[in-house]
Amino acid sequence: MKYCIVITDGASGEPIPAFGNKTSLEQAYTPHIDALAAEGLVGLAQTVPEGLEPASNVACTSICGYDPRLYPIGRGALEGAALGIKLADDEVALRLNLTHVSHEGIMVSYSTDNISVADGRALINELAKALNDEVFTLHAGMGFRGILVIKGHPGLMDTWLPAAHNISDEQVADYPPAGPEASLIVDYERRARAVLAASPINARRKTEGKLEATDVFLFWPGQRPENMKSFFSLYNKQAGITCGVDLLVGIASLADIKVYHFKGVTDGPDNDYAAQGKGALAMLETEDVVFCHVEAPDAEGHDGNAPGKVTAIEAIDREIISRLRQYGAEHPLRVLIMPDHPTPALTKRHTSDPVPFVLAGPGITPNAGLRLTEAEAAKTELLVDPGCQLMEKLLAP
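Residues numbered from 1 in each chain as written. Predicted model: local features only at pLDDT ≥ 70, side-chain atom pairs only at ≥ 80, totals over all residues. Heavy atoms only, no water.

A. Quick peek at the pairing of strand E3 (residues 91-101). A large share of E3 lies buried, amounting to eleven of its eleven residues. Summarising the sheet, E3 and strand E6 (residues 145-151) pair through seven bridges and their orientation is antiparallel. Within E6, the position partnered with Leu 94 by the bridge is Leu 148. Where E3 and strand E7 (residues 215-222) come together, six bridges link them in antiparallel fashion. Bridged to Arg 95 within E7 is Phe 219. Where E3 lies against strand E4 (residues 107-109), two bridges are found, and the strand directions are antiparallel. Within E4, the residue paired with His 100 across the bridge is Ser 109. Between the antiparallel neighbours E3 and E4 lie five residues, among them Gly 105 with a positive phi of about 85°. (Buried < 20%, exposed > 50% of the residue type's maximum accessible area, 1.4 Å probe, protein only. Helix = DSSP H or I, 4+ residues; strand = E, 2+ residues; numbered from the N terminus. Pairing = 2+ DSSP bridges.)

In structure tokens, the structure reads:
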């Protein structure tokens, strides 16, 4: 038996008036997911335990079969692990976003319109050259993302820092950092603003009609993670992952899950879904369990692009799920399809609501669910709480 978990990041959401009050999952044409739902198990999973932030580090840790209450790893540290950053005991890693804030102080884009990897890396390298010292060390991640390591300020773990994507279209001044190290963050962001204002890369982007990166936002502090048990030691299965974001690479590195890189797999709507689907099949030849994480629905949700979110869901169905169904017709394969958390396009923010899932394949007894939608999953009255227990259902003999 082989197993594949397809994480449709942020695909769940809320009713959208333009869709006749359907959610993005309900609006999407997904014949392959529907077929698996009809022959499998449909339900809801609580991937974000009560009291924890509805962020992907929490929700994806659940989907990978780990209880996030037992592994409270800050996302900054996870993404740092993906970049090979080894934190000292007195260091804290924070996520840094390159953002575009209007002259009126409105958060126009938490990602500088999904800035390219080349421009994002170049801007972050400019910031690092200007601002790195014995306290601050900035590392470039993917696109608009960076990791800032701060030495000697443990109070950052008790400092409230707003996530950039949670204040889209809002006045930035209404969400100031609060806590013991708030002034440290405010000062760093102020100095970074000056560097970005003088950047030749931003000047070029302006002439090209592209958004400039005007500001940086720091959030999601994390310290050196405690050792996680390997996926193999917990489940006696070898696992691999294909993804386009550092967060999942970080989780994989801590859980000894092999990371596969396929050309064209990205963190946005330009993702090559066909390449990722073909890659998942190649991974199934050597791995027992394959995680296939697709970031695009979440990115479109944060951008408030409901039609784009539907397009991403349909591409996952057409290019990834179709290939898994064909593989499953010839080999014993169980498939689990689910978002990690909802990202409603109307609010552009994560929520902690339970997410729908479809579990299908040999040995899985079907229930009355017919589609991977919020309402269809709720009708079955099946709730897996905590969501990390879904892994046991997937791998059950």
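Alright, that's what it looks like, and here's the rest.
B. Quick peek at helix H9 (residues 246-254). For H9, the buried fraction is high: eight of the nine residues fall into the buried class. Of all the residues in H9, the buried ones are Asp 246, Leu 247, Leu 248, Val 249, Gly 250, Ile 251, Ala 252 and Leu 254. Contacts from the buried residues of H9 go to helix H3 (56-63), helix H4 (75-82), strand E8 (239-242), strand E9 (258-260) and strand E10 (289-294). At the C-terminal side of H9, Asp 256 shows a positive phi close to 55°. (Contact = heavy atoms within 4.5 Å.)

C. Seen up close, the sheet that holds strand E11 (residues 333-338). Spatial strand order, E9-E8-E10-E1-E11-E12-E2-E13: eight strands in an open sheet with mixed pairing. Looking along the sheet, the strands with just one partner apiece sit at the ends: E9 and strand E13 (383-384). Pairing analysis gives three bridges linking E8 to E9, with the strands arranged parallel. Residue pairing in the sheet places Gly 240 in a bridge with Lys 258 of E9.

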